[in-house]
Amino acid sequence: MKLWPLLLLILVPCAAQALEVGERLAPWTLLDQFDKPYTFNEQTQTLLVARSMDAAKLVNGALQDKPEGFLEARKTVFVADIHKMPALISKMFAVPGMRAYSYRIMLDRDARVVPRYDGDIDKVLWLQVQNGRLVKQQQFSSSDELRAALERP
């Protein structure tokens, strides 16, 4: 009988746990839409996470008229979860279409990174980071609100 709790822990999939303020974000490396690697590091100050196409559209709307290098100048990294997208669609249409954007998108093709960060599927998760540790997190459901937050000094 004492094995039941252990068996349940093994069989029940683990959900993403919310990060706590002060917690260190684990390092990771992803490829962007140009297949260039990016490794999360302590210089990153903001991490934008999109779990769905709707959330990614919010980021695109917020960055639509921004110049190349806008996110980098703010030490901001955008990660998009595309693991549910069919490989053929991703390879033939979606990723090549992303190459026209004026900003880098780190593509989580295998759901290795995005599940680490708890948030609503249809919102953009904003993780404010200092020296690799979470300082603040919030979610955005509007491109205008996200744009305003990105434009703040």
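Placed above this text is the structure.
Residues numbered from 1 in each chain as written. Predicted model: local features only at pLDDT ≥ 70, side-chain atom pairs only at ≥ 80, totals over all residues. Heavy atoms only, no water.

K.L.:
Which parts of the structure should I look at to understand the overall build of the chain?
P.N.:
A count of helical and extended segments in the chain gives 5 helices and 7 strands. Element order for the chain, N to C, with α for helix and β for strand: α-β-β-β-α-α-β-α-β-β-β-α. Looking at the chain as a whole, 37% of its 153 residues are labelled buried. Considering only intrachain contacts with a sequence separation of at least 6, the fraction spanning at least 24 residues in the chain is 74%. Total accessible area computed for the chain in this model is approximately 9,300 Å², and 57% of it derives from carbon and sulfur atoms. (Helix = DSSP H or I, 4+ residues; strand = E, 2+ residues; numbered from the N terminus. Buried < 20%, exposed > 50% of the residue type's maximum accessible area, 1.4 Å probe, protein only. Contact = heavy atoms within 4.5 Å. Areas by Shrake-Rupley, 256 points an atom, 1.4 Å probe, with all protein chains shown as cover.)

K.L.:
Would you take a moment to explain the pattern of salt bridges for this structure?
P.N.:
Oppositely charged side chains are able to pair whenever their charged atoms sit close together. Under the definition given, this model contains 6 salt bridges. Between Glu151 and Lys66 there is a salt bridge, with the nearest N and O atoms lying 2.3 Å from each other. Note that Glu151 is positioned in helix α5 (residues 143-151) and Lys66 in the loop between α2 (53-63) and α3 (70-73), a separation of 85 residues in sequence. Residue classification places Glu151 among the partly exposed positions, given a relative accessible area of 40%. Accessibility expressed as a relative area gives 15% for Lys66, which makes it buried. (Salt bridge = Lys/Arg side-chain N within 4 Å of Asp/Glu carboxyl O.)

K.L.:
So what exactly am I meant to see when it comes to α2 here?
P.N.:
Within the sequence span of α2, burial applies to Ala55, Ala56, Leu58, Val59, Gly61, Ala62 and Leu63. Next to the buried residues of α2 lie β3 (46-50), α3, β4 (76-81), β6 (124-130), β7 (133-140) and α5.

K.L.:
Even after reading the chapter, I still don't get the sheet that holds β4, so can you show me in this structure?
P.N.:
Picture the strands of a sheet paired through backbone hydrogen bonds; they go either parallel or antiparallel. One open sheet holds the 7 strands; their spatial order is β2-β1-β5-β4-β3-β6-β7, and the pairing between them is mixed. The two strands at the open ends of the sheet, each matched to only one other strand, are β2 (37-39) and β7. Between one strand axis and the next, the sheet turns by 30 degrees as a mean value, whatever way the strands run. Where β4 meets strand β5 (residues 106-108), 3 bridges bridge the pair, whose relative direction is parallel. In the sheet register, Asp81 faces β5, and the bridge partner there is Asp108. Contacting β3, β4, β6 and β7, α2 crosses the sheet at an angle of about 65 degrees to β6. Across the face of the sheet, α5 comes into contact with β3, β4, β6 and β7 while running at roughly 15 degrees to β6. (Pairing = 2+ DSSP bridges. Axes fitted to C-alpha atoms, helices over the stretch in contact; angles between N-to-C directions.)

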